[in-house]
Amino acid sequence: MQDQDGRQCSGSAETVGGLPPPHIGRIFTRSPDEHHAWIRSRYTDHERRVRAHARDFAFSSEFGALGALAVVRSSYTAASAEVFWPPARDILVSHVVSGRSRHRWDGGEVLVGRHGTMLFPPYGYEHLHECSDSRGVTLRMDVLLRVAEETTGLARADIRFTGLLPVSPLAQRHWLATADYVRHGIYSLALESPLLLAAAEQMVAASLLATFPNTTMSAALRAPRDTATPATVRRAMAFIDARAGEPITLTDIAAAAGVVPRTLQYAFRRHRDTSPTGYLRQVRLARAHEQLSAAQPGDGTTVAAVAVRWGFTRPHRFATAYRQAYDRSPAQTLRT
C-alpha cells in the first residue's frame with residue numbers, strides 16, 4: 001500500500017522525541033493484539049478496526065492533559081485504522097504529519113493528506129487513518145460553547161461547526177502556532193498554573209472559532225437584553241478586584257454582576273472605555289507590580305514567576321505591558 005506521495009506504507013513508527021516526561025502516557029508496540037488491548041483500556045465509547053498490511057506493523061501514541069485541554073500524537077505504520085465515534089464531549093483538531101486521513105460525518109466527506117489540518121467535530125463521525133502520523137489537540141466542548149456565547153451572544157444550541165477544514169492558509173498557520181504552544185505547555189507543565197491554563201483554554205477556543213467554519217462566523221452579534229448601567233460595572237469591578245488571582249471567566253464576572261456577558265461587555269465599553277477582560281488584565285498587572293515592588297533581596301522572587309502568578313503567558317508581552325503602565329521594566333522594579 002502507498003501513501004499519497006507514492007511511498008510504500010511501511011517501515012517503523014517514528015519515535016516522538018525520545019522518552020516523554022513522566023506525566024505523558026505513551027505506548028509503542030508492534031503487536032496488533034497489544035494495540036487492541038491498549039485502545040480498549042483507553043477508549044470505551046467507540047469502535048476501531050485495524051488492518052495490518054505487513055509484518056512491520058507498528059503503533060505508537062503519546063497523550064497528556066491539563067484541565068480542559070489534551071494533546072495526543074498517534075502513528076500507524078503499515079496499517080489502516082477505521083474508527084467510528086459517537087457524539088462526544090470533546091472537540092479534536094488533528095494535523096497530519098504523514099500518511100492521510102479520511103473523515104465522514106453528516107456534513108459530507110473530507111480527505112486530508114500530509115501537512116493537512118482537520119477538525120473532528122463532537123457530533124459523531126467515521127474516520128480512516130491510512131499509515132498516518134498525526135498530532136492533535138482536544139478541548140472540552142463546554143469550554144468552546146462558553147467562549148462562543150460570551151463573544152457573540154449566540155445561544156449555545158445555535159453554535160455548530162459547518163466544515164472541517166481551515167477557512168484559509170493563514171488561519172491554519174495561526175491554529176498550528178496555538179497547537180504548538182499548548183503542546184509545549186502541557187509537556188513542560190508550563191501551563192500548570194491555573195491562570196495560565198484558563199488563558200490557554202480561552203485561546204484555543206477562540207482559535208478554533210476563527211479557524212474552522214461555524215455558525216458564529218455568519219451570525220450577527222446579538223444586542224444586549226439587559227440594561228447596561230454604571231452599577232453593573234461597579235459590581236463587576238468589585239468581583240474582579242476580589243478574585244483577580246483566580247481563573248475567573250467572563251461568564252463568572254457577568255453572573256456576579258447579574259447580567260449576561262454581552263451586556264457586561266457593552267456596559268464596560270460605555271462607562272469605562274475598556275472590556276471586562278481588559279480591566280481584569282489591568283488589575284492583574286497592578287498586582288504583579290505590587291509583588292515586584294515588595295520583593296526583598298534574596299527572597300527568590302523572579303520576573304518570570306510573578307508573570308506566571310498573574311496569568312501572563314508571554315514574558316515579552318508582560319514586559320511590554322508593564323513598561324507602558326509604569327515606564328520601567330519589571331526587572332528594574334525588582335532590582336530597586
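Preceding block: the structure.
The present account deals with the structure reproduced in this document. (Residues numbered from 1 in each chain as written. Predicted model: local features only at pLDDT ≥ 70, side-chain atom pairs only at ≥ 80, totals over all residues. Heavy atoms only, no water.)

Considerations on the overall build of the protein chain
Put simply, the rule is: Runs of H or I in DSSP of at least four residues are treated as helices and runs of E of at least two as strands, each being numbered from the N terminus. The cut-offs for exposure are 20% and 50% of the maximum accessible area for each residue type, with area from a 1.4 Å probe on protein chains only; residues under the lower value are buried, those over the upper are exposed, and the others partly exposed. The contact definition used throughout considers only heavy atoms, calling two residues in contact when any of these lie within 4.5 Å. Each accessible area value is a Shrake-Rupley result obtained with a 1.4 Å probe; residue values ignore everything except the protein chains displayed when judging cover.
The helix and strand inventory of the protein chain stands at eleven helices and nine strands. Along the first, second and third principal axes, the C-alpha atoms of the protein chain reach 65 × 55 × 35 Å. The 336 residues of the protein chain split such that 47% are buried. Looking at the protein chain alone, contacts between residues at least 24 apart form 72% of all its contacts between residues at least 6 apart. Here the protein chain has roughly 16,300 Å² of accessible surface; of this, 52% comes from carbon and sulfur atoms.

Examining the side chain of threonine 249
Along the polypeptide, threonine 249 turns up in the loop between α5 (230-243) and α6 (250-257). Ignoring sequence-local partners within four residues, the contact set of threonine 249 consists of Arg146 and Glu150.

A few points about the pattern of salt bridges
Applicable threshold: A side-chain nitrogen of Lys or Arg and a carboxyl oxygen of Asp or Glu constitute a salt bridge if their distance falls within 4 Å.
Per the stated rule, a full pass over the model turns up 13 salt bridges. Linking arginine 104 and glutamate 126 is a salt bridge whose minimum nitrogen-to-oxygen distance equals 3.0 Å. Within this pair, whereas arginine 104 is found in strand β6 (residues 90-105), its partner glutamate 126 is found in strand β9 (residues 125-140), the two being separated by 22 residues in sequence. Given a relative accessible area of 33%, arginine 104 falls into the partly exposed group.

Focus: the layout of surface pockets
Note the cut-off: Definitions used for this entry: grid spacing 1 Å over protein atoms alone; cavity, a set of points where a 1.4 Å probe fits but cannot get out; pocket, an open set with protein on both sides within 12 Å along at least 5 of 7 lines; lining residue, one with an atom within 4 Å of a point. Grid points are joined across faces, edges and corners, and a volume is the space filled by probe spheres set on the points.
What the largest pocket holds in volume is close to 930 Å³. In terms of lining, the largest pocket is formed by 29 residues, of which the most central are Ala199, Gln202, Arg281, Gly311 and Thr313. Mapped by element, the contributors of at least two residues to the lining of the largest pocket are α2 (141-152), α3 (169-187), α4 (194-211) and α8 (276-294). It is α4 that contributes the most residues to the lining of the largest pocket, seven residues altogether.

Re the environment of proline 297
The topology assignment puts proline 297 in the loop between α8 and α9 (303-309). Using a relative accessible area of 80% as the deciding quantity, one classes proline 297 as exposed. Separated by 105 residues in the primary sequence, proline 297 and glutamate 192 place their C-alpha atoms 27 Å from one another.

Structural notes on the packing of aromatic side chains
This is how the line gets drawn: When the centres of two rings from Phe, Tyr and Trp lie within 6.5 Å, Trp using its six-membered ring, the rings pair. Their planes under 30 degrees apart give stacked, over 60 give edge-to-face, and anything left gives tilted. Comment: the charge-over-ring label is applied if NZ (Lys) or CZ (Arg) is within 6 Å of the ring centre and within 35 degrees of the ring normal.
Following the criterion strictly, the structure yields eight aromatic pairs and no others. When the ring of phenylalanine 120 is compared with that of tyrosine 125, the centres are 5.3 Å apart and the planes differ by 75°; the resulting orientation is edge-to-face. When its relative accessible area of 5% is taken as the criterion, phenylalanine 120 is described as buried. Among the aromatic residues, ring-to-ring pairing joins Phe312, Phe318, Tyr322 and Tyr326 into one connected group. Arginine 160 extends its terminal NZ or CZ atom over the ring of tyrosine 123, reaching a point 3.7 Å from the ring centre. The ring of tryptophan 310 carries arginine 309 above its face, with NZ or CZ at 4.2 Å from the centroid.

Quick look at the nonpolar core
This is how the line gets drawn: By nonpolar core we mean a set of buried residues, namely Ala, Val, Leu, Ile, Met, Phe, Trp, Tyr and Cys, connected to one another through side-chain atoms within 4.5 Å.
Formed by 44 residues in total, the largest nonpolar core has its most connected members in Leu69, Leu119, Leu139, Phe161, Val182 and Leu208. Ranked by residue count, the leading element in this core is α4, at seven residues. If sequence neighbours within four positions are ignored, leucine 208 has contacts with Ile91, Val93, Leu119, Leu139, Leu144, Phe161, Trp175 and Asn214. Counting 19 residues, the second-largest nonpolar core is a separate cluster that includes Val233, Ala254, Val259 and Phe268.

Thoughts on the pairing of β9
To keep it simple, the criterion reads: Here a strand pair is declared whenever DSSP counts at least two bridges between the two strands.
Across the 16 residues that make up β9, a large majority, 14, are buried. Looking at chain direction, strand β4 (residues 69-77) and β9 are connected through seven bridges and run antiparallel. Bridging from a neighbouring strand, serine 74 pairs with serine 134 of β9. With six bridges connecting them, strand β5 (residues 79-85) and β9 associate as antiparallel partners. Paired with glutamate 82 across the bridge in β9 is leucine 128. As paired elements, β6 and β9 share 13 bridges and run antiparallel to each other. Residue pairing for β9: serine 101 is matched across the bridge by histidine 129.

Points about the environment of glycine 136
For glycine 136, the position within the fold is in strand β9. Judged by its relative accessible area of 4%, glycine 136 falls in the buried class. Sequence spacing of glycine 136 and threonine 301 is 165 residues, and the spatial spacing of their C-alpha atoms is 36 Å. Aside from chain neighbours lying at most four places away, what touches glycine 136 is Ala70, Val71, Val72, Leu92, Val93, Ser94 and Arg183.

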